[in-house]
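Per-entry structural report
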Amino acid sequence: MTDRASAIAELSTDDPLTQPFQGSSPYDEYVRATLLNTLQEPLTDAADEMGFLVTTQVMELWFTLIVHEWRAARESFRADELDTAMDALLRSRRGLQALNSSWAPIAALTPVQFNGFRAAFGKASGFQSAMQRHMEFLIGQKSTALLRAHSGDPDVHKGLSEAHEEPSLYDEVLRFLHRQGLPVPEHVLTRDVTEPYSSDPGVVEVWRQVYAGDQRHPLLRLGELLTDVAETITRWRLDHVMVVRRAMGSKPGSAGSAGVKYLEKRAAIPVFPELWEARGAM
């Protein structure tokens with residue numbers, strides 16, 4: 001008898017795992033697995049559409065987790081709770097790594113395979129994801145145009161508007177560094193947080209000081225953790241470029257974007273830019 005068969009045989013009729021549930025199982029009530037498993041509705045008979053749909057839905061769940069953790073980190077920075085903020089950033093880094101791995105089921109679609117279901121989703125595009133835009137706003141890449149695109153959905157627009165108007169995670173990091181005695185420029189601290197964040201020479205100098213100092217200092221560890229987050233975001237964007245390039249070459253995107261060219265331009269935008277520039281100033 002195999003180990004698996006032996007394990008099954010050991011389950012007696014008195015074992016709690018074999019007892020009938022009254023209604024749905026406690027697992028299903030908590031995880032909502034039955035509901036989740038009803039949300040995949042392919043529109044074609046193409047063999048690869050299910051993988052595409054599940055991959056996209058899984059990414060949405062990872063977006064939700066990452067936004068949750070970045071919000072938690074932002075609140076902790078506001079409260080000057082560095083350890084708690086870094087714990088949230090560590091959890092978000094693991095979520096980002098899992099997000100990146102989510103490309104695997106569709107990473108090698110050929111043009112024929114992708115075209116087998118592409119027409120079915122019409123003008124739908126991952127660029128329209130509200131939760132992904134929450135992520136962008138939280139790292140300081142604000143956009144009034146992207147916010148406006150969701151004006152037809154009041155609930156989604158309300159949540160995005162709040163994210164657009166609030167300081168980003170990186171804004172709160174810089175405010176925290178200022179309260180720790182580092183010379184973050186006043187114009188950075190009082191900037192219009194609804195505008196996209198752009199690199200500032202004074203902030204480059206702040207990070208240069210951090211990196212030139214005690215190599216075991218908590219602020220240097222913070223800088224490295226933020227760099228990990230920034231790098232992982234960039235790798236996700238670059239993987240997106242490669243997935244699209246393999247599946248459709250240089251064709252326009254389904255929502256009318258420039259496709260690969262747009263993705264390449266977006267991937268080139270640095271996340272937390274001064275952390276990268278400070279390295280060249282050492």
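This one's a predicted model, so the numbers in the text were calculated from it and none came from an experiment.

**Some thoughts on the overall build of the protein**
Along the backbone of the protein there are 15 helices and zero strands. Along the longest, intermediate and shortest principal axes, the C-alpha atoms of the protein span 65 × 50 × 40 Å. Looking at the protein as a whole, 40% of its 282 residues qualify as buried. Contacts in the protein between residues far apart in sequence, at least 24 positions, make up 70% of those at least 6 positions apart.

**A few points about the nonpolar core**
In terms of nonpolar packing, the biggest core is built from 60 residues, with Trp70, Phe77, Leu177, Trp207 and Leu222 touching the most fellow members. Among the elements that line this core, the one with the most residues is helix α13 (residues 218-248), at 14 residues. Sequence-distant contacts of Leu177, defined by excluding residues within four places in its chain, comprise Leu182, Val184, Val206, Trp207, Leu219 and Leu222. By size, the runner-up hydrophobic cluster in this structure holds five residues, among which are Ala130, Phe137, Leu147 and Ala163.

**Overview of a nonpolar patch on the surface**
A contiguous nonpolar surface patch, about 740 Å² in accessible area, is contributed by Tyr27, Tyr30, Val31, Leu35, Leu36, Leu39 and Leu61. Counting residues per element, the nonpolar patch draws most heavily on helix α2 (residues 26-31), at three residues. Mapped onto the secondary structure, Val31 falls in helix α2. The partly exposed category is assigned to Val31, whose relative accessible area is 32%.

**With respect to the pattern of salt bridges**
Under the defined criterion, the tally for this structure stands at 16 salt bridges. Glu172 is paired through a salt bridge with Arg78; the nearest N and O atoms lie 2.7 Å apart. You can see Glu172 sitting in helix α10 (residues 169-179) and its partner Arg78 sitting in helix α4 (residues 49-78), a full 94 residues away along the chain. With relative accessibility at 4%, the residue Glu172 sits in the buried group. Here Glu172 ties to Arg175 by a salt bridge, and the two come within 3.7 Å at their closest N and O atoms. In this pair, Glu172 and Arg175 both sit in helix α10, three residues apart, roughly one turn of the helix.

**Quick word on the packing of aromatic side chains**
In this structure the tally under the stated criterion is eleven aromatic pairs. Plain terms: the ring middles of Phe52 and Phe117 are 5.0 Å apart, the flat faces sit at 50 degrees to each other, and that makes the pair tilted. Highlighted residues: Phe52 in helix α4 and Phe117 in helix α6 (residues 111-118), separated in sequence by 65 residues. A residue is classified by how much of its surface remains accessible, and Phe52, at 21% relative accessible area, is partly exposed. For the ring pair Tyr170 and Phe272, a centre distance of 5.0 Å and an interplane angle of 20 degrees mean the geometry is stacked. Of this pair, Tyr170 sits in helix α10 while Phe272 sits in the loop between α14 (260-267) and α15 (273-280), and the two are 102 residues apart along the sequence. On the basis of relative accessibility, which here comes to 1%, the residue Tyr170 falls in the buried class.

**Points about unusual backbone geometry**
Positive phi values are uncommon outside glycine, yet Arg32 reaches one of about 60 degrees. Structurally, the position occupied by Arg32 is in the loop between α2 and α3 (33-36). In this structure Arg32 comes out as partly exposed when scored by relative accessible area, which is 48%. Within the chain, Phe272 stands out as a residue other than glycine whose phi angle is a positive 50 degrees. Judged by relative accessible area, which is 1%, Phe272 ranks as buried.

**Considering the packing of α10 against helix α12 (residues 201-212)**
Relative orientation and spacing of two packed helices are given, respectively, by the angle between their axes and the distance between those axes. Here α10 crosses α12 at 65 degrees, and the two axes come no closer than 12 Å. Helix-helix and strand crossings are classified by hand; for α10 and α12 the assignment is left-handed. Facing Tyr170, Val173, Leu174 and Leu177 of α10, the residues of α12 in contact are Val203, Val206 and Trp207. The residue inventory of the contact of α10 with α12, partitioned by class, reads seven nonpolar, no polar and no charged.

**Points about the side chain of Arg237**
If you trace the backbone, Arg237 turns up in helix α13. Among the polar contacts made by the side chain of Arg237, one reaches the main-chain carbonyl oxygen of Ile269 at a distance of 3.2 Å. If near-sequence neighbours (up to four positions away) are discounted, Arg237 is found in contact with Glu136, Ile139, Gln141, Arg266, Ala267, Ile269 and Val271.

Cut-offs applied
Residues numbered from 1 in each chain as written. Predicted model: local features only at pLDDT ≥ 70, side-chain atom pairs only at ≥ 80, totals over all residues. Heavy atoms only, no water. Helix = DSSP H or I, 4+ residues; strand = E, 2+ residues; numbered from the N terminus. Buried < 20%, exposed > 50% of the residue type's maximum accessible area, 1.4 Å probe, protein only. Contact = heavy atoms within 4.5 Å. Core = buried A, V, L, I, M, F, W, Y, C linked by side-chain atoms within 4.5 Å. Patch = residues over 30% accessible without salt bridge, like charges linked within 9 Å, V, L, I, M, F, W, Y side chains within 5 Å. Areas by Shrake-Rupley, 256 points an atom, 1.4 Å probe, with all protein chains shown as cover. Salt bridge = Lys/Arg side-chain N within 4 Å of Asp/Glu carboxyl O. Phe/Tyr/Trp six-rings, centres within 6.5 Å; stacked < 30°, edge-to-face > 60°. Axes fitted to C-alpha atoms, helices over the stretch in contact; angles between N-to-C directions. Left-handed = near helix turned anticlockwise from the far one by under 90°. Nonpolar A, V, L, I, M, F, W, Y, C, P; charged D, E, K, R; others polar. Polar contact = N/O pair within 3.5 Å; in protein donor to acceptor, adjacent residues only side chain to side chain.

On their own, these measurements won't tell you what the molecule is for.
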